[in-house]
Amino acid sequence: MHSYQSPLDLVRERSPERPVALVRRRSVSVAARWFQDNLNADVFYAVKANPSRWVIETLVESGVTAFDVASLAEVELVRSVLPDARLAFMHPVKSRSAISKAYFDHGVRTFSLDCQDELDKILDATGQATDLNLVVRMAVSADGAAYTLSGKFGVSVDQAPTLLMAVRRAVKDGLMGVSFHVGSQCMRPTAFQAAMAQVGRAISRAGVIVDIVDVGGGFPSVYPGMVPPDMSEYADAIHRGFAEMPVSETTELWCEPGRALVAESSSVLARVELRKGDALYLNDGSYGSLFDATHSRWPFPTKLVSDREVSGDLKAFRFYGPTCDSIDHMPGPFWLPADVAEGDFIEIGMLGAYGVAMSTGFNGYGEHDLAFVEDAPMASLYGLAPRSIPTVRTTAEEQARKVVRLSRPKGKAGQRKKQRR
Ligand SMILES: *Cc1c(COP(=O)(O)O)cnc(C)c1O
C-alpha cells in the first residue's frame, strides 16, 4: 500500500480516480493503548466497525489479540491474521453450521445467546461441549446513545433470571458471563454504570455467580455537534459499576469497543464530479462510505485538499453520491470554501468506524483505494488532534444559536451575555 505524508501529497502525486480511504494507523495504536492502560478489562475489538486487514494487524501489534466476531467470515478473517487470536462469537443468533465450524474448525469457545432455543442450538451444534464459555446478552435500557442496540437482541431484565440459571447449569468447565450493549456512540458515561446496575439486579434475582461481565461497545468518538465527555469518565463509570455488582473476586471484566478504536483512523478522499449551486456530486456516497451521513444525517467534517488559492469564505454544501438513487444524498451541512469546483478533492473525516466498512458495489461504484498518511486525524479523544471540530457548524448548533438570539431577553442580562461573547 502507498504511504504519503499528507492527503495533499497524495493529490499532488496522482489525481485518484476512485475514492481513497486515507488511513492513519497510529491513531488505532494510540486508542488501543488507551483501552489497555485505562480500563481494567480484557479488550475484544468488535470487528464489524472496520474489518480492514490493516486494522486487525495494527491492533495485534498494539497488544489487542481478542476479537468480537459476528460471522464465520469474521472468524476466518481474524484467524488469517492471527492464528491464535482469542475469539468471542457475540452474535446472539447464529446458524448451526456457523457454530459448528467456529467450534470445531476454528477453536472458538465463547458464544453469546439471549434465549433458551439459542442455548440448545449451541449445545447441540458443538456436540454438548463441556468447554464452552457462554455469555447471556441482556437488553438494558440506556439513554444517551446515537444508536440503540437493545431493540433487536437481549433478554429483558425481567426474563433474564430463568435464562441465567439455565446457562449456569449448562456451563461445565468453561465460564459463564453476562453482556449488554448500551448503544453505539454513547454520549453518557453513566449509561454504563446504570446498565451494570440493571444486570446486577438480574444476577441477584437468579442467585448465580457469573465469571464474566462484558460491558460491550458503545464508546464514542468525535463528530460535529457531538463532543463526548473525556474517555476517563467512561473508565470511571465502568469501574464504579463493576464494584457495585454482585460478582466474585475472580469475575473477569470484558469490553468490546468498535467505534472508539477506529473512528479517528480513516477519512475518505473524494472528488467533486459536478457542482450545482450548493450541491456537490461526489464519487463517494451513501452506498459507499457515507452511510451515516445519509441515514443519520451526520455532518462529517470536511476539508478541501488543493494546492490552488481557495476562497477564505466557507459555505454550507450538501453532497450527492455517484449512484442513480435519490437516497444517495447527504444533507450535511458540509462546510467548504465557497469556490469549490469540479475536479477538487475533499477529505471527509472521522470515517474509520462504520464508514469505509459499509461500502457496497451498487451501481458499479463503491470500490476504494487505500493509502497510509502520517498527518493527524481531524479530531481525537486521545490527544492526537483537537477534541472537537471547531470550524464546522452543525444545523443543531445553528438552530440553537438562532433560538438563543430570538429568546434572549432585552434587559441587562442579555446585554451582558452579548458582551462576554
Ligand atoms: C457493534 C457491536 C459492538 C461495537 O459497538 P461500538 O458502538 O462500535 O463500540 C460491540 N459488541 C457487539 C455485540 C456489537 O454488536
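Criteria and thresholds
Residues numbered from 1 in each chain as written. Predicted model: local features only at pLDDT ≥ 70, side-chain atom pairs only at ≥ 80, totals over all residues. Heavy atoms only, no water. Helix = DSSP H or I, 4+ residues; strand = E, 2+ residues; numbered from the N terminus. Rg over C-alpha atoms; globule rule 2.2 N^0.38 Å. Buried < 20%, exposed > 50% of the residue type's maximum accessible area, 1.4 Å probe, protein only. Contact = heavy atoms within 4.5 Å. Areas by Shrake-Rupley, 256 points an atom, 1.4 Å probe, with all protein chains shown as cover. 1 Å grid on protein atoms, 1.4 Å probe; cavity = no way out; pocket = protein on both sides within 12 Å on 5 of 7 lines; lining within 4 Å. Points joined across faces, edges and corners; volume = space filled by probe spheres on them. Nonpolar A, V, L, I, M, F, W, Y, C, P; charged D, E, K, R; others polar. Axes fitted to C-alpha atoms, helices over the stretch in contact; angles between N-to-C directions. Left-handed = near helix turned anticlockwise from the far one by under 90°. Near = heavy atom within 4 Å. Polar contact = N/O pair within 3.5 Å; in protein donor to acceptor, adjacent residues only side chain to side chain. Domains from an automatic or database assignment. Buried area = accessible area lost by both parts, 1.4 Å probe. Salt bridge = Lys/Arg side-chain N within 4 Å of Asp/Glu carboxyl O. Phe/Tyr/Trp six-rings, centres within 6.5 Å; stacked < 30°, edge-to-face > 60°. Lys NZ or Arg CZ within 6 Å of the ring centre and 35° of its normal. Parallel < 35°, antiparallel > 145°, perpendicular 65-115°, else oblique.

So, about the overall build of the protein. For the protein, the count of helices and strands is 13 helices and 19 strands. Taking 2.2 N^0.38 as the reference for a compact globule, 421 residues should give roughly 22 Å; the C-alpha atoms of the protein span a radius of gyration of 23 Å, in line with that estimate. Taking all 421 residues of the protein together, 54% fall into the buried category. Contacts spanning at least 24 positions in sequence make up 73% of the contacts within the protein whose residues lie at least 6 apart. Accessible surface, the protein: about 18,100 Å² in total, of which carbon and sulfur atoms supply 50%.

The next point concerns empty space enclosed by the protein. With the rule as written, the count across this model stands at two cavities of 30 Å³ or more. By volume, the largest cavity is sized at about 40 Å³. Along the walls of the largest cavity sit P19, N283, D284, G285, Y287, G288, P322, T323, D328, T360, Y365 and G366, which together make up its complete lining. Looking at side-chain class alone, the lining of the largest cavity contains four nonpolar, six polar and two charged residues. In this model, the second largest cavity occupies a volume close to 40 Å³. M90, S112, R137, S179, F180, H181 and E256 are the residues that line the second largest cavity.

The N-to-C vectors of helix 2 (residues 25-38) and helix 9 (residues 231-243) enclose an angle of 35 degrees; their axes lie 11 Å apart at closest approach. Seen from above, helix 2 lies across helix 9 with right-handed handedness. Contacts between helix 2 and helix 9 involve W34, F35 and N38 from the former and M231, S232, A235 and H239 from the latter. Residues of the contact of helix 2 with helix 9, tallied by class, amount to four nonpolar, three polar and no charged.

This paragraph deals with the site of the ligand. Residues in close proximity to the ligand total 13 residues, the closest being K48, S184, E256, R259 and Y354. In this structure, K48 approaches the ligand through a side-chain N or O atom, which is 2.8 Å from an oxygen atom. Between D68 and the ligand, the recorded distance is 3.0 Å, taken from a side-chain N or O atom to a nitrogen atom. Expressed as a share of its isolated accessible area of 390 Å², the protein-covered part of the ligand is 91%. Split into classes, the residues belonging to the shell around the ligand amount to three nonpolar, five polar and five charged.

By the assigned domains, the protein splits into domain 1 (2-21 + 263-401) and domain 2 (26-261). The distance between the C-alpha centroids of domain 1 and domain 2 comes to 32 Å. With 27 residues of domain 1 at the interface, the matching set in domain 2 holds 31 residues. For the domain 1 face of the interface with domain 2, the top three residues by lost area are W298, Y354 and Y382, together amounting to 31%. Between the two partners, domain 1 and domain 2, sit zero salt bridges. Our enumeration of links across domain 1 and domain 2 arrives at seven residue pairs in polar contact (both at pLDDT 80 or more). Its residues assigned to classes, the side of domain 1 that touches domain 2 comprises 17 nonpolar, six polar and four charged.

Further remarks concern the packing of aromatic side chains. Scanning the model with the defined rule gives 17 aromatic pairs in all. Judged by centre distance (6.2 Å) and plane angle (80 degrees), the rings of F192 and Y234 are edge-to-face. Remark: Y234 occurs in helix 9 and F192 occurs in helix 8 (residues 190-206); sequence separation between them is 42 residues. For the residue pair F192 and Y234, the accessibility class agrees, reading buried in each case. Taken together, W34, F35, F192, F219, Y234 and Y382 form an aromatic cluster joined through their ring pairs. Here the basic side chain of R25 rests over the ring of F372, its NZ or CZ set 3.7 Å away from the ring centre. We note K94 situated over the ring of F89; from NZ or CZ to the ring centre the distance is 6.0 Å.

Attention now moves to the side chain of S289. With respect to the helices and strands, S289 occurs in the loop between strand 14 (279-282) and helix 11 (291-295). What makes S289 buried here is its relative accessible area of 1%. A polar contact is formed between the side chain of S289 and the side chain of D284, at a distance of 2.3 Å. Those residues in contact with S289 that sit more than four places away from it in its chain are V268, D284, L351, G355, V356, S359 and H368.

A separate point is the packing of helix 2 against helix 3 (residues 53-61). Where helix 2 contacts helix 3, the axes come no closer than 9 Å and their chain directions differ by 45 degrees. Put simply, helix 2 runs oblique to helix 3. Here helix 2 and helix 3 pass one another in a crossing that is right-handed. Listed contacts from helix 3 to R25, V28, S29 and A32 of helix 2 are W54, T58 and L59.

Next up on the list: the pattern of salt bridges. Enumeration over the complete set of coordinates arrives at 20 salt bridges. A salt bridge links D369 to R18, with the nearest nitrogen and oxygen atoms 2.7 Å apart. Residue D369 is located in strand 19 (residues 369-373), and its partner R18 is located in the loop between helix 1 (7-13) and strand 2 (20-23); the two are separated by 351 residues in the primary sequence. When salt bridges with common partners are traced through the structure, they connect R14, R18, E367 and D369 into a single cluster.

As a further point, take the side chain of H368. Residue placement: H368 occurs in the loop between strand 18 (345-348) and strand 19. On the basis of relative accessibility, which here comes to 18%, the residue H368 falls in the buried class. At 3.3 Å, the side chain of H368 and the side chain of D284 are in polar contact. A polar contact of 3.0 Å, which involves the side chain of H368, links it to the backbone oxygen of G366. When residues no more than four places from it in sequence are discounted, the contact partners of H368 are R18, P19, A21, D284, S289 and S359.

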